[in-house]
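The chain contents come next:
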Amino acid sequence: QLHHIPGLSEHFLYLNDDFMFADFCTPDDFFYPNGILKFFPSESRAYEDDIDDSREEYLVADRNAIHLLNEYCGKTSRMIMKHAPYPCSKSYLYELENKYKDTFLKCAENRFRDPTDIRPIAFMQYNFGYYDGKAIQSYISNRYLALYKDTIKEQLNGVFENRKFKT
């Protein structure tokens with residue numbers, strides 16, 4: 001529902017609460033000059049036949065989106081994004097919402113995570129946008145740090161000392 005925020009820019013970044021910038025970034029790191037989104041897939045993929053309702057909520061939501069994508073264009077994209085900032089297009093999120101009104105509405109009505117959910121920002125806009133010409137796979141330097149590790153302070157200090165990762 002972020003795209004419903006009054007006054008929100010057409011192009012914006014969404015970061016989870018455990019994302020951060022580790023070096024200087026510019027809009028060119030996230031958007032092409034013509035407004036097309038850059039997206040940063042990980043090596044992980046979501047395979048809908050392996051995902052039942054007992055799996056992690058984000059995978060169940062991705063499974064639901066994969067089914068919608070297959071119905072939409074007869075193709076399937078299973079890319080899961082890196083744990084990095086998500087470039088967003090407000091108009092494209094509205095376009096997806098208008099195309100899948102009932103699915104977006106059901107997801108918005110769910111008070112808690114539900115097996116009918118979708119992930120419009122972190123999965124749909126990139127996998128659908130890839131076929132719609134609204135998003136292009138790109139690269140950003142990124143380091144995932146497991147916050148539960150005993151060495152997290154040293155790892156964070158290293159990231160900020162050498163500044164070789166943007167996120």
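Above this note sits the structure.
Described below are features of the structure shown in this document. (Residues numbered from 1 in each chain as written. Predicted model: local features only at pLDDT ≥ 70, side-chain atom pairs only at ≥ 80, totals over all residues. Heavy atoms only, no water.)

1. Quick notes on the overall build of the protein chain
To keep things clear, this is the line we draw: Helix numbers and strand numbers start at the N terminus; a helix is a DSSP run of H or I with at least 4 residues, a strand a run of E with at least 2. Radius of gyration here is computed from C-alpha atoms only, and the compact-globule reference equals 2.2 Å multiplied by the residue count raised to the power 0.38. Relative accessible area decides the class of each residue, using a 1.4 Å probe on protein chains only: under 20% of the type maximum gives buried, over 50% gives exposed, and in between gives partly exposed. A 1.4 Å probe and the Shrake-Rupley method give the accessible areas. Residues count as covered only by the protein chains that appear here. His is not counted, nor are the chain ends; Lys and Arg add positive charge and Asp and Glu add negative charge. In plain terms, the charge of a residue is placed at NZ if it is Lys, CZ if Arg, CG if Asp and CD if Glu.
When you go through the protein chain residue by residue, the secondary structure sums to five helices and six strands. Moving toward the C terminus, one meets the helices and strands of the protein chain in the order β-β-β-α-β-β-α-α-α-β-α. Computed over the C-alpha atoms, the radius of gyration of the protein chain is 17 Å, within 12% of the 15 Å expected from 2.2 N^0.38 for a compact globule of 167 residues. Each principal axis of the C-alpha atoms in the protein chain carries an extent, and together these give about 45 × 40 × 30 Å. Burial statistics for the protein chain: of 167 residues in total, 43% are counted as buried. Put simply, the protein chain shows about 9800 Å² of open surface, and 49% of that area lies on carbon and sulfur atoms. Where the 21 positive side-chain charges of the protein chain centre and where its 26 negative ones centre are 4 Å apart.

2. Things to note about the layout of surface pockets
Put simply, the test is: Points on a 1 Å grid over protein atoms alone make up a cavity when a 1.4 Å probe fits among them but cannot get out, and a pocket when they form an open set with protein on both sides within 12 Å along at least five of seven lines; lining residues each have an atom within 4 Å of a point. Grid points are joined across faces, edges and corners, and a volume is the space filled by probe spheres set on the points. Basically, the charged four are Asp, Glu, Lys and Arg, the nonpolar ten are Ala, Val, Leu, Ile, Met, Phe, Trp, Tyr, Cys and Pro, and anything else, Gly included, counts as polar.
For the largest pocket, the calculated volume is near 990 Å³. For the lining of the largest pocket, the elements supplying multiple residues, two or more each, are strand E3 (41-45), helix H1 (57-73), strand E4 (79-81), helix H3 (101-109) and helix H4 (120-132). Here the lining of the largest pocket is composed, by residue class, of 18 nonpolar, seven polar and eight charged. There is about 270 Å³ of room inside the second largest pocket. Looking at the lining of the second largest pocket residue by residue, the class counts come to 11 nonpolar, three polar and two charged.

3. Focus on the environment of Asp29
Basically, it comes down to this: By the convention used here, residues are in contact when the closest approach between their heavy atoms is within 4.5 Å. The term polar contact refers here to a pair of N or O atoms within 3.5 Å; inside protein, the definition further demands a hydrogen-donor-capable atom paired with an acceptor-capable atom, and it admits residues adjacent in sequence only when both atoms are side-chain atoms.
Tracing the sequence through the fold places Asp29 in the loop between strand E1 (11-14) and strand E2 (37-39). Beyond its immediate stretch of four places on either side in the chain, Asp29 contacts Phe24, Lys38, Phe40, Ile140 and Lys166. At 3.1 Å, the side chain of Asp29 and the side chain of Lys166 are in polar contact.

4. A closer look at the side chain of Lys38
We apply this condition: Definition used for salt bridges: Asp or Glu carboxyl oxygen within 4 Å of a side-chain nitrogen of Lys or Arg.
Mapping Lys38 onto the fold places it in strand E2. Within the buried set, Lys38 has no salt-bridge partner at all; the shortest N-O distance to an opposite charge, 6.0 Å, is to Asp29.

5. Things to note about H4
Heads up, the condition is: Each helix should span, by expectation, one fewer than its residue count multiplied by 1.5 Å.
With 13 residues, H4 extends only 15 Å from end C-alpha to end C-alpha; this falls clearly short of the ideal 18 Å at 1.5 Å per step. Taking burial as the measure, the 13 residues of H4 include 10 buried ones, the bulk of the element. Buried within H4 are the following residues: Pro120, Ile121, Ala122, Phe123, Met124, Gln125, Tyr126, Asn127, Phe128 and Gly129. Looking one or two residues beyond H4, the residue adopting positive phi is Gly133, at roughly 75°.

6. Regarding the state of the cysteines
Inclusion rule: Two cysteine sulfurs form a disulfide in these notes if their separation is within 2.5 Å.
What the rule picks out here adds up to zero disulfides. Distance from the sulfur of Cys25, which forms no disulfide, to the nearest cysteine sulfur (Cys88) is 15 Å. Of the residues examined, Cys25 reaches a relative accessible area of 18% and is grouped as buried. Between Cys88, a cysteine without a disulfide, and Cys107, which holds the nearest cysteine sulfur, the sulfur-to-sulfur distance is 15 Å.

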